[in-house]
Amino acid sequence: VEGLPMKISTYDNQFNANEWFVLITLVIGFLLVFIFPKRFPLKESIFYLLFGIFIGKFFDHTISIKPFDFYDVNDKSTYQFTDFFSYIMYAPFGYFFIYIYKQFKIKRGMVVPYIVVWSIISIAIEYFASKLGVYHYKNGYHILFGFPIYLLCQTTLLWLHYLVQGKKKQSVNIEQ
Amino acid sequence: MILTTYVSIGWLFAAIFWWMPKRLTFLEHLILWFSCSFVIVSLRTIFTLNLGWIEVEESKQLFLTYLFRRSFIDPMLLLILANLILRAKGVMWKLLAIISILMTYILLENGLVQLNVIHFVKFNYLYFTCMYLFFILFSLLIVYLLQRGGSSHEDFNI
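Note that the structure is predicted; figures quoted are calculated from it, not measured.

Side note on the packing of aromatic side chains
Line of reasoning, step 1. Under the counting rule described, the total for this entry stands at 50 aromatic pairs over all chains.
Line of reasoning, step 2. Judged by centre distance (5.5 Å) and plane angle (75 degrees), the rings of F36(A) and F96(A) are edge-to-face. Taken together, the positions of F36(A) in the loop between α1 (17–35) and α2 (42–63) and F96(A) in helix α4 (residues 91–103) put the pair 60 residues apart, joining distant regions of the chain.
Line of reasoning, step 3. Overall, F36(A) belongs to the partly exposed group, its relative accessible area being 35%.
Line of reasoning, step 4. On the basis of an interplanar angle of 85 degrees and a centroid distance of 6.2 Å, the ring pair of Y101(A) and Y162(A) is categorised as edge-to-face. Linking Y101(A) in helix α4 with Y162(A) in helix α6 (residues 146–175), this pair joins segments that are 61 residues apart in sequence.
Line of reasoning, step 5. Clustering of aromatic rings is evident, with ring pairs tying together F36(A), F40(A), F47(A), Y48(A), F51(A), F54(A), F58(A), F59(A), Y95(A), F96(A), Y99(A) and F34(B).
Line of reasoning, step 6. A cation over an aromatic ring shows up here: K57(A) above the ring of F38(B), its NZ or CZ 5.0 Å from the ring centre.
Line of reasoning, step 7. Its guanidinium or amino end placed over the ring of F17(B), K22(B) lies 5.2 Å from that ring's centre, counting from NZ or CZ.

A closer look at the pattern of salt bridges
Line of reasoning, step 1. Tallied over the entire structure, the rule returns six salt bridges over all chains.
Line of reasoning, step 2. A salt bridge links K138(A) to D69(A); its shortest N-O distance comes to 3.3 Å. With K138(A) in the loop between β2 (135–137) and α6 and D69(A) in the loop between α2 and β1 (71–73), the pair connects residues that are 69 residues apart, well separated along the chain.
Line of reasoning, step 3. Residue class for D69(A) comes out buried when judged on its relative accessible area of 14%.
Line of reasoning, step 4. A salt bridge links E109(B) to R69(B), with the nearest nitrogen and oxygen atoms 2.7 Å apart. With E109(B) in helix α4 (residues 91–114) and R69(B) in helix α3 (residues 60–87), the pair connects residues that are 40 residues apart, well separated along the chain. The same class applies to E109(B) as to R69(B), namely buried.

What to know about the interface of chain B and chain A
Line of reasoning, step 1. Every contact between the two is made by 35 residues of chain B and, on the other side, 34 residues of chain A.
Line of reasoning, step 2. On the surface where chain B and chain A come into contact, there are one salt bridge.
Line of reasoning, step 3. The salt bridge partner of K43(A) is E28(B), with a shortest N-O separation of 2.7 Å.
Line of reasoning, step 4. On inspection of chain B and its partner chain A, the count reaches eight residue pairs in polar contact (both at pLDDT 80 or more).

Side note on α1(A)
Residue and element names in this part refer to chain A.
Line of reasoning, step 1. For α1, spanning 19 residues, the distance from its first C-alpha to its last is 26 Å, which sits close to the expected 27 Å at 1.5 Å a residue.
Line of reasoning, step 2. For α1, the set of buried residues is N18, E19, F21, V22, T25, L26, G29 and V33. Viewed along the axis of α1, the buried residues span an arc of 160 degrees, placing them on a single side of the element. Across α1 from its buried face, at more than 90 degrees, point the exposed residues F34 and I35.
Line of reasoning, step 3. Buried residues in α1 make contact with α2, α3 (81–88), α4 and α5 (111–131).

Parameters and conventions
- In every chain, residue numbers begin from 1 and rise along the written sequence.
- Here chains are named by letter from A upward and ligands by number from 1 upward, in the order in which they appear as written.
- The predicted origin of the model limits local features to residues at a pLDDT of at least 70 and limits the giving and counting of side-chain atom pairs to 80 or more, whereas totals for whole chains, interfaces and linings rest on all residues.
- Working from all heavy atoms in the structure, the side-chain values ignore hydrogens and water.
- Aromatic rings from Phe, Tyr and Trp, taking only the six-membered ring of Trp, are treated as a pair when their centres fall within 6.5 Å; an angle between ring planes under 30 degrees marks them as stacked, one over 60 as edge-to-face, and anything in between as tilted.
- Only runs of H or I of at least four residues qualify as helices and only runs of E of at least two qualify as strands under DSSP, and these elements are numbered from the N terminus.
- For the exposure calls, accessible area comes from a 1.4 Å probe over protein chains only, and a residue counts as buried if that area is under 20% of its type's maximum, exposed if over 50%, partly exposed in between.
- By definition here, charges over rings are those cases where NZ of Lys or CZ of Arg is within 6 Å of the ring centre and within 35 degrees of the ring normal.
- Any carboxyl oxygen of Asp or Glu that lies within 4 Å of a side-chain nitrogen of Lys or Arg is treated as forming a salt bridge with it.
- Residue contacts are counted whenever heavy atoms from the two residues lie within 4.5 Å of one another.
- What qualifies as a polar contact is a pair of N or O atoms within 3.5 Å, subject to a donor-acceptor requirement within protein and to the restriction that residues adjacent in sequence count only when both atoms come from side chains.
- Take the number of residues in a helix, subtract one, and multiply by 1.5 Å to get its expected span.
- When we speak of the arc, we mean the arc of directions from the helix axis to the C-beta atoms.

On their own, these measurements won't tell you what the molecule is for.
As structure tokens, this is what we get:
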């Protein structure tokens, strides 16, 4: 049909493991966000949640489309409704990355190991998700290629966190 | 050369944003950027990948130009617009700001079409204008919600 993409890969057409994984992770993630004691003001919490969604979306819609086309998400290579939820699913991860960092008062010297551990956990979760059919790698892409991306994203989030805190302090000083 | 041109244009908008007086806080700018980017990338993907109404050139340089336009210039212009709207006194100035940004979007898109970065298959400038009006309205909604949230102890300026 004119105007439609020439080649659409279909992996399955049923509501099965990958959809359940996305839904369960989404529900548990947001439940935990609401259950755990609040540590951040509302706008800051929204920002940490949005960061996860934005990063997932940005990379998926950059390296998973042509000319790179390294992987497909969920049942089809096109953008589906389940894909939308799979991006929302990333939100609690960004939030808890900063939450745990603050909660355990991670020292500067422990920042690098902290980011590396989170990146390893992220790869493990991605591996589990790929086994359930959330991600389908192609064109020579390997799951470990995502490791530096996780390192980069988590470092960026932590940097933005410090920037936000810095601006907050500046504002307080000006008011005083 | 195309990529260089668009990166230069992006730099120009970033410089304008950097120097313009701002009415939103640093955190509000981040929230606006991320939420608008999410919507822009989603809709653009639906029109290119799902519907096939727009074709993007697969050459690396042209694709990077498209990517830069989508991921940097588009949200940057929305940030500029949000600050312009908040500073503008009177409906006429607000409307003028919206029309100026919309015209900039159309010119940039026309540039991409003329330089063969993208091809309109079943798309036209009317659809394009509607899509970007939607982005603008969405960004204004976010600004409205952020402003309604009020300034509390977490609010701080750039």
